[in-house]
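# Structural characterization, general
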Amino acid sequence: MSAPTPDLPELVLAGSVSERADVLVIGLTSADGTPEILAGDAPVDEAVLGELLDNLVAVGATGRSEELTRVPAPASLPVASVLAVGLGDADKIDAEQVRRSAGTAARVLTGVETVATTLSAVDLGAAAEGFALGAYTYTEFRSEKSAPKEDARPVARVELLVPSTRDRDAKSALTRATAIAEAVATARNFVNTPPSHLFPAEFAERAKALGEAAGLKVEVLDEKALEKKGFGGIVGVGKGSSRPPRLVRLSYSSKKRKAPKVALVGKGITFDTGGISIKPAAGMEAMTSDMAGAAAVIATVVLAAKLGVAADVTATVPMAENMPSSTAQRPGDVLTQYGGTTVEVINTDAEGRLILADAIVRACEDDPDYLVDTATLTGAQMVALGTRTPGVMGHDEFRDRVAALSQEVGENGWPMPFPKELRGDLESRVADLANVSPHRWGGMLTAGIFLKEFVPEGVQWAHIDVAGPAFNTGGPFGYVGKGGTGVPVRTMLAVIEDVAANG
């Protein structure tokens with residue numbers, strides 16, 4: 001089965017507001033406490049913008065970040081209304097603010113077929129991404145009974161106003177933004193698919209279909225191959241389920257000679273009960289998102305191929321379902337990871353690091369220059385950083401580089417340390433390592449330190465914990481709705497492109 005195509009609005013360049021448009025979306029900023037329309041070189045008459053500003057001020061618009069104000073359109077515009085979305089302080093506007101404001105506008109404009117916007121004159125790529133992702137919906141399992149009615153359907157078409165629709169830079173920016181939005185939405189689709197329909201074998205088939213469609217080299221190992229080759233972590237975690245594990249590898253080779261090699265690894269637990277160390281029932285349904293790291297790396301390697309980045313990228317994706325049964329691994333068991341390291345399983349709910357360790361060792365057999373792994377790894381990430389800030393760990397210099405790039409693209413990764421004293425918490429009575437610390441302190445950091453044990457010398461490595469940021473259980477915000485967010489696809493793309501440009 002192929003992965004469902006994300007249902008995103010059509011994004012087009014436009015040299016004027018067309019007769020098809022229903023609403024014009026403009027950006028309103030606050031300059032010294034005074035609202036101003038920020039329209040750049042968008043093809044809208046200055047006199048019309050002046051009239052609009054007067055109308056907006058009259059109804060109390062301030063330009064505060066993501067504030068929404070809708071007014072009737074002047075007679076000279078071929079639209080019924082104008083929606084002003086706040087961009088905040090004029091001195092602090094960046095691409096992420098435009099992205100969030102465009103997403104906020106897209107989320108409220110349900111029932112509107114076509115939207116035109118001047119936000120494209122502020123930042124074309126960010127506006128396109130924001131509108132596309134803000135309009136994202138997941139309706140695969142809704143029958144006619146609960147499917148969105150006509151007045152609740154998302155925007156279908158977005159006209160991005162630019163001085164010239166023939167401008168090469170504008171065309172290139174739109175192509176790139178569309179590809180990025182599709183990749184993020186693909187990751188969201190994977191995460192939002194229920195575990196009844198996305199189990200390891202099915203996940204592997206969908207990943208394979210995406211990879212082959214993008215021209216990638218694809219390898220899939222089933223449970224027999226995993227057992228034979230010694231992938232003890234993946235096999236051990238998958239033992240409790242009737243739906244056996246998989247390992248998928250998707251490889252993109254650039255056309256650049258001596259291109260840098262980037263390895264991506266993502267945790268693919270299609271559902272996590274905790275195994276024998278079972279989780280509390282309350283909120284367990286959110287564990288459908290425990291494969292968000294895998295979803296992100298699959299979407300990212302496909303995106304790298306679409307954009308033709310000048311780096312060789314391989315995604316190694318372990319997939320398993322963590323269930324309790326008479327065949328499940330037990331607390332106290334010892335397993336042998338791929339590569340030979342033995343691990344005492346103290347807690348079967350610390351399963352992500354076990355499958356990632358296997359995948360990291362396998363990924364590093366290709367001698368990559370850089371390794372980025374990502375996972376919904378620890379609840380401790382949310383305790384430390386909240387639900388919207390990924391924790392970035394790893395080798396200091398590369399960790400800081402990844403975190404800085406994550407912040408630049410608006411995914412806001414934050415660098416975290418590896419205190420030396422925490423390594424001792426992973427000592428085992430009977431094996432090389434224990435899979436958890438004997439206490440709850442520094443749980444996110446200890447998990448990262450565990451993974452570090454499997455990264456060979458000479459490979460620059462960063463781990464991104466997205467336990468909270470990958471899945472939004474709260475209310476919508478910016479261009480993010482409830483459910484899968486697609487984090488950290490944009491961070492990993494930024495890292496790959498930075499490596500391609502700077503080594």
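Residues numbered from 1 in each chain as written. Predicted model: local features only at pLDDT ≥ 70, side-chain atom pairs only at ≥ 80, totals over all residues. Heavy atoms only, no water.

### Some details on helix α9 (residues 352–364)
Spanning 13 residues, α9 covers 18 Å between terminal C-alpha atoms, matching the ideal 18 Å at 1.5 Å per step. Burial of α9 is extensive: 13 of the 13 residues sit out of reach of the surface. (Helix = DSSP H or I, 4+ residues; strand = E, 2+ residues; numbered from the N terminus. Expected span 1.5 Å × (residues − 1). Buried < 20%, exposed > 50% of the residue type's maximum accessible area, 1.4 Å probe, protein only.)

### Quick notes on the UniProt feature "binding site: Mn(2+) 2" (unreviewed entry) in the protein
The positions UniProt marks with the feature "binding site: Mn(2+) 2" (unreviewed entry) are Lys267, Asp272, Asp290 and Glu351. Spatially, the listed residues are clustered: although they cover 85 residues, their C-alpha atoms lie within 11.5 Å of one another. Within the structure, the side chain of lysine 267 is placed 3.0 Å from the side chain of aspartate 290, a separation counted as a polar contact. Turning to its location among the elements, aspartate 290 is positioned in the loop between β11 (268–272) and α8 (292–307). For aspartate 290, a relative accessible area of 3% corresponds to the buried category. When neighbours within four sequence positions are excluded, aspartate 290 is seen to be in contact with Lys267, Gly268, Ile269, Asp272, Glu351 and Thr376. (UniProt positions renumbered as here; feature names shortened; annotations may be inferred. Polar contact = N/O pair within 3.5 Å; in protein donor to acceptor, adjacent residues only side chain to side chain. Contact = heavy atoms within 4.5 Å.)

### Regarding the pattern of salt bridges
Tallying each qualifying case throughout the model produces 27 salt bridges. Between glutamate 96 and arginine 99 there is a salt bridge; the shortest N-O distance is 2.5 Å. On the criterion of helical spacing, the pair formed by glutamate 96 and arginine 99 is a turn pair, its members being three residues apart in helix α2 (residues 95–108). On the basis of relative accessible area, arginine 99 is assigned to the buried category, the value being 8%. The closest approach of N and O atoms between glutamate 182 and lysine 306, which form a salt bridge, is 3.7 Å. Of this pair, glutamate 182 sits in helix α4 (residues 168–192) while lysine 306 sits in helix α8, and the two are 124 residues apart along the sequence. By relative accessible area, which is 31% here, glutamate 182 ends up partly exposed. (Salt bridge = Lys/Arg side-chain N within 4 Å of Asp/Glu carboxyl O.)

### Re the nonpolar core
The nonpolar side chains of a soluble globular protein tend to be buried with one another. Membership of the largest hydrophobic core comes to 95 residues, with the highest contact counts inside it found for Val25, Phe131, Leu160 and Leu264. There are two domains that each give this core at least three residues, and those are domain 1 (10–161) and domain 2 (182–502). Excluding residues that lie within four positions of it along the chain, leucine 160 makes contacts with Leu11, Val12, Leu13, Ala14, Thr117, Ser120, Leu124, Ala127, Ala128 and Leu174. By size, the runner-up hydrophobic cluster in this structure holds 43 residues, among which are Ile234, Ala357, Val361 and Leu433. (Core = buried A, V, L, I, M, F, W, Y, C linked by side-chain atoms within 4.5 Å. Domains from an automatic or database assignment.)

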